[in-house]
Amino acid sequence: MKERIKGMTLYKQNILERVNELVCEQYAMPLKEIRTRNRALRYSIPRLVAIGILRNVFGFTYSSLTSYYNYASTCSVQWARKELDKRMAEDPEIASVVKEVLKQVKPLIPNH
């Protein structure tokens, strides 16, 4: 059994893990690396995509995402959520990744 995240329902944890798996698959990175504090683009872009999807689509709280991704404050998560919209408009590759992940998690989206 996977380690439970304190204070998070099993339903939300399954969504979080599935989104992270799909994003890591798209970027060919090991799952554990999405939570690294490294700010290099090879880590920060996939993390930005995952955070944006989890917040914008599934309504994860800023505090839960801040804790999970090891950020010092919620400001980084708020920035990532806004930045994803901007990057999707400017970068077709990021837009394509988001579209593919959303297609695969569609059954998990409330009221889809």
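Everything below is about the structure shown above.
Now for a description of the structure that goes with this document. (Residues numbered from 1 in each chain as written. Predicted model: local features only at pLDDT ≥ 70, side-chain atom pairs only at ≥ 80, totals over all residues. Heavy atoms only, no water.)

Moving on, we get to the pattern of salt bridges. Within the structure shown, the criterion is met by four salt bridges. Across the salt bridge formed by Lys86 and Glu83, the nearest N and O atoms sit 3.9 Å from each other. Taken together, the residues span about one helical turn, with Lys86 and Glu83 both in helix H4 (residues 74-90) at a distance of three residues. For Lys86, a relative accessible area of 43% puts it in the partly exposed group. Between Glu83 and Arg87 there is a salt bridge, with its nearest N and O atoms 2.8 Å apart. Taken together, the residues Glu83 and Arg87, both in helix H4 and four residues apart, mark about one turn of the helix. Relative accessible area serves as the criterion here: at 23%, Arg87 is assigned to the partly exposed category. (Salt bridge = Lys/Arg side-chain N within 4 Å of Asp/Glu carboxyl O. Helix = DSSP H or I, 4+ residues; strand = E, 2+ residues; numbered from the N terminus. Buried < 20%, exposed > 50% of the residue type's maximum accessible area, 1.4 Å probe, protein only.)

Packing of helix H1 (residues 10-26) against helix H5 (residues 92-105) leaves a shortest axis separation of 10 Å and a crossing angle of 140°. Comparing the axis directions of H1 and H5 gives the class oblique. For the crossing formed where H1 meets H5, the hand is right-handed. Only Val97, Glu100, Val101, Gln104 and Val105 of H5 make contact with H1, whose side of the interface consists of Arg18, Val19, Leu22, Val23 and Gln26. Residues that form the contact of H1 with H5 fall into these classes: six nonpolar, two polar and two charged. (Axes fitted to C-alpha atoms, helices over the stretch in contact; angles between N-to-C directions. Parallel < 35°, antiparallel > 145°, perpendicular 65-115°, else oblique. Left-handed = near helix turned anticlockwise from the far one by under 90°. Contact = heavy atoms within 4.5 Å. Nonpolar A, V, L, I, M, F, W, Y, C, P; charged D, E, K, R; others polar.)

Right, let's get into the packing of aromatic side chains. Here the structure, examined in full by the defined rule, presents one aromatic pair. Consider the rings of Tyr68 and Tyr69, whose centres lie 4.9 Å apart with planes at 85°: the pair is edge-to-face. Of the two residues examined, Tyr68 and Tyr69, each falls in the buried class. Here Arg35 stacks its cationic end above the ring of Tyr68, 3.9 Å away from the centre of that ring. Over the ring of Tyr62 we find Arg55; its NZ or CZ atom is 4.1 Å from the centre of that ring. (Phe/Tyr/Trp six-rings, centres within 6.5 Å; stacked < 30°, edge-to-face > 60°. Lys NZ or Arg CZ within 6 Å of the ring centre and 35° of its normal.)

So, on to unusual backbone geometry. We note that Ala28 has phi near 50°; this positive angle belongs to a residue other than glycine. Assignment of secondary structure puts Ala28 in the loop between H1 and helix H2 (41-56). For Ala28, a relative accessible area of 72% translates into the label exposed. Even without being glycine, Asn70 reaches a positive phi, approximately 60°. As for its position among the elements, Asn70 is in the loop between helix H3 (62-68) and H4.

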